[in-house]
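Now for the letters of each chain:
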Amino acid sequence: MRRVFVVDDEALARRRLIRMLEATGRVEVAGDSGDPEAAVAAIAGTADLDLVFLDIAMPVLDGFAVCERLPPGPMIVFTTAHDEHALRAFQTNAIDYLLKPIRDDELARALDKLDRVRALPAAEASEQLARAMAGILAARAPERIASRLGDRIHLVELDRVTHFVAEDKLTYAVTGERSFVVDASIAVLEERYVRAGFFRIHRATLVRLSAIAELSSTTDGTRVRLADGKTELVVARERARALKDKLGV
């Protein structure tokens, strides 16, 4: 049984990952912490630790700062809701990088990789980590969305899309230049692209978090203004608190 430690300042995410780990029957959860500073001391005091699951976006000390303070020995798997950290994560010799919400198959992959790396000599382990990094970066090539117009199919890069909106029984992918009709519903798009940094602010609206430039609360409710300076979107009352948590405000 591998001994693991979980660090994540979001209690729900931490408890979910612990449940997933325990369900595998392959590891013993030796400890967990929601405080990155306390986690450093706790990990140093935990014997025979094989692996640390370490969230990146945390207050005071982010995951990289925690990693720099950890004693040698346990390997690292970074967890985060944002994929822009991938290159830096692998530069720290993490054995894997998991995007939230973490899936069972991806968690199993990380544990398999731990077993393989632990069995290798140091030089071979470094080479395997380098290959893993190359694979992750290759997988991050821009994704494209199909938009049908008559007999033509227009391919739109996901990186260009600031938000999706449902209007008059149609769903649109909106970029800085124009809107494109897409086949999927907002619910399907939410499930598909939550890991790409999109968040559902309304039953009819899914927005890229990094495209939000301003958040305002008035007697009429909460609105977001996008980085283009002109697009304003309504936030449903029941989604406002979750959005603020995502934005760290």
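Everything that follows concerns the structure shown earlier in this document.
Residues numbered from 1 in each chain as written. Predicted model: local features only at pLDDT ≥ 70, side-chain atom pairs only at ≥ 80, totals over all residues. Heavy atoms only, no water.

**Overview of the side chain of Arg14**
With respect to the helices and strands, Arg14 occurs in helix H1 (residues 11–24). Relative accessible area serves as the criterion here: at 13%, Arg14 is assigned to the buried category. Looking at Arg14, its side chain comes within polar contact range of the side chain of Asp32, at 3.0 Å. Residues contacting Arg14, with those up to four places away along its chain left out, are Val6, Asp8, Asp9, Asp32, Ser33 and Gly34. (Helix = DSSP H or I, 4+ residues; strand = E, 2+ residues; numbered from the N terminus. Buried < 20%, exposed > 50% of the residue type's maximum accessible area, 1.4 Å probe, protein only. Polar contact = N/O pair within 3.5 Å; in protein donor to acceptor, adjacent residues only side chain to side chain. Contact = heavy atoms within 4.5 Å.)

**Regarding unusual backbone geometry**
The phi torsion of most residues other than glycine is negative, and most of the peptide bonds are trans. Cis geometry is found at the peptide bond from Lys100 to Pro101, where omega equals -5 degrees. Within the fold, Pro101 resides in the loop between strand S5 (96–99) and helix H5 (104–118). If you check the backbone angles, Lys169 has positive phi at about 70 degrees while not being a glycine. Topologically, Lys169 is positioned in the loop between strand S8 (161–167) and strand S9 (170–175).

**Some thoughts on the sheet that holds strand S12 (residues 205–208)**
Across a sheet, strands are paired by hydrogen bonds formed along the backbone, either parallel or antiparallel in direction. Here we have five strands laid out as an open sheet, ordered S10-S9-S8-S12-S11, and antiparallel in their pairing. Lying at the two open borders of the sheet, with one neighbouring strand each, are strand S10 (179–182) and strand S11 (198–202). Across the sheet, the axes of successive neighbouring strands diverge by a mean angle of 25 degrees, strand direction being ignored. With three bridges joining them, S8 and S12 adopt antiparallel strand pairing. (Pairing = 2+ DSSP bridges. Axes fitted to C-alpha atoms, helices over the stretch in contact; angles between N-to-C directions.)

**A closer look at the pattern of salt bridges**
What the rule picks out here adds up to 18 salt bridges. Notably, a salt bridge pairs Arg2 with Asp115, separated by 3.1 Å at the nearest N-O pair. With Arg2 in strand S1 (residues 2–7) and Asp115 in helix H5, the pair connects residues that are 113 residues apart, well separated along the chain. Looking at Arg2, the relative accessible area reads 25%, which means it is partly exposed. In this structure, the salt-bridge partner of Arg109 is Asp96, at a minimum N-O distance of 2.9 Å. Of this pair, Arg109 sits in helix H5 while Asp96 sits in strand S5, and the two are 13 residues apart along the sequence. Given the relative accessible area of 31%, Arg109 is considered partly exposed. (Salt bridge = Lys/Arg side-chain N within 4 Å of Asp/Glu carboxyl O.)

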